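# Coordinate analysis (summary)
What follows is each chain in one-letter form.
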Amino acid sequence: MANTTSLAAMEEKIYQQVNQYRVSRNLPPLQLDPRISEVCRAHSKAMSEGKVPFSHQGFEQRMKILSQSIPYRSAAENIAYNLGYSEPATQAVQGWIKSPGHRKNMEGNFNLTGVGVVQNAKGEYYFTQIFIRRR
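As a starting point, this report considers the structure included with it.

Among the nonpolar cores identified, the biggest contains 21 residues, and Ile14, Met106, Val117 and Phe127 are the most heavily contacted of them. Broken down by secondary-structure element, the contributors of at least two residues to this core are helix 1 (4–24), strand 2 (72–82), helix 4 (88–98), strand 3 (112–119) and strand 4 (125–134). Filtering out sequence-adjacent residues up to four positions away, valine 117 remains in contact with Leu7, Met10, Glu11, Ile14, Arg41, Ser44, Tyr125, Tyr126 and Phe127. Of all hydrophobic cores here, the second largest spans 10 residues; its members include Val39, Phe59, Leu66 and Leu112.

So, on to the packing of helix 1 against helix 4. Close contact between helix 1 and helix 4 brings their axes to 9 Å; oriented N to C, the two are set at 35 degrees. Note that helix 1 runs across helix 4; the crossing there is right-handed. Between helix 1 and helix 4, the residues in contact are Met10, Lys13, Ile14, Gln17, Val18 and Tyr21 and Pro88, Ala89, Thr90, Val93, Trp96 and Ile97, respectively.

Here the focus is the sheet that holds strand 1 (residues 31–32). Strand order in this open sheet of 4 strands is 1-3-4-2, and the pairing throughout is mixed. Of all the strands in the sheet, the pair left with one neighbour each is strand 1 and strand 2. Pairing of strand 3 with strand 4 involves 8 bridges; the strand directions are antiparallel. Counted as the bridge partner of threonine 113 is phenylalanine 131 from strand 4.

A few words now on the environment of histidine 43. For histidine 43, the position within the fold is in helix 2 (residues 34–48). Classification of histidine 43 as buried rests on a relative accessible area of 4%. In the structure, histidine 43 is positioned 14 residues away from glutamine 57 in sequence and 9.2 Å away in space, judged by C-alpha atoms. Beyond its immediate chain neighbours, meaning those up to four positions away, histidine 43 contacts Val52, Ser55, Gln57, Arg62, Glu77, Ile79 and Thr128.

Criteria and thresholds
- Residues numbered from 1 in each chain as written.
- Predicted model: local features only at pLDDT ≥ 70, side-chain atom pairs only at ≥ 80, totals over all residues.
- Heavy atoms only, no water.
- Core = buried A, V, L, I, M, F, W, Y, C linked by side-chain atoms within 4.5 Å.
- Buried < 20%, exposed > 50% of the residue type's maximum accessible area, 1.4 Å probe, protein only.
- Helix = DSSP H or I, 4+ residues; strand = E, 2+ residues; numbered from the N terminus.
- Contact = heavy atoms within 4.5 Å.
- Axes fitted to C-alpha atoms, helices over the stretch in contact; angles between N-to-C directions.
- Left-handed = near helix turned anticlockwise from the far one by under 90°.
- Pairing = 2+ DSSP bridges.

Structure follows, in structure tokens:
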């Protein structure tokens, strides 16, 4: 299983790749917020443990938690999971770029983001990225 350091490096890689993609579309880069990443990690962990299905289930609750510390106008979420890739983070971002709904979130009018990556005992990686437009 990946250790916390390599998971943090994957989160950073996703953050960098999403921003590179935004800049390539003449969009401003997103600012990484540790409070958002914490909520993303919790959702990735819940999915990886089978506590919630692989879905956006509970998104409203995640936003309710974040709204206590970050007043926001709009928000969106991308999730992914994969197994057996040498670059799981890149694989997730490439999948999002190829998916119209996920790409729309990446290109959205947001200015904050957070990323959470968790690996379970089977070796599967679960990814959550939340995008927020601060008020």
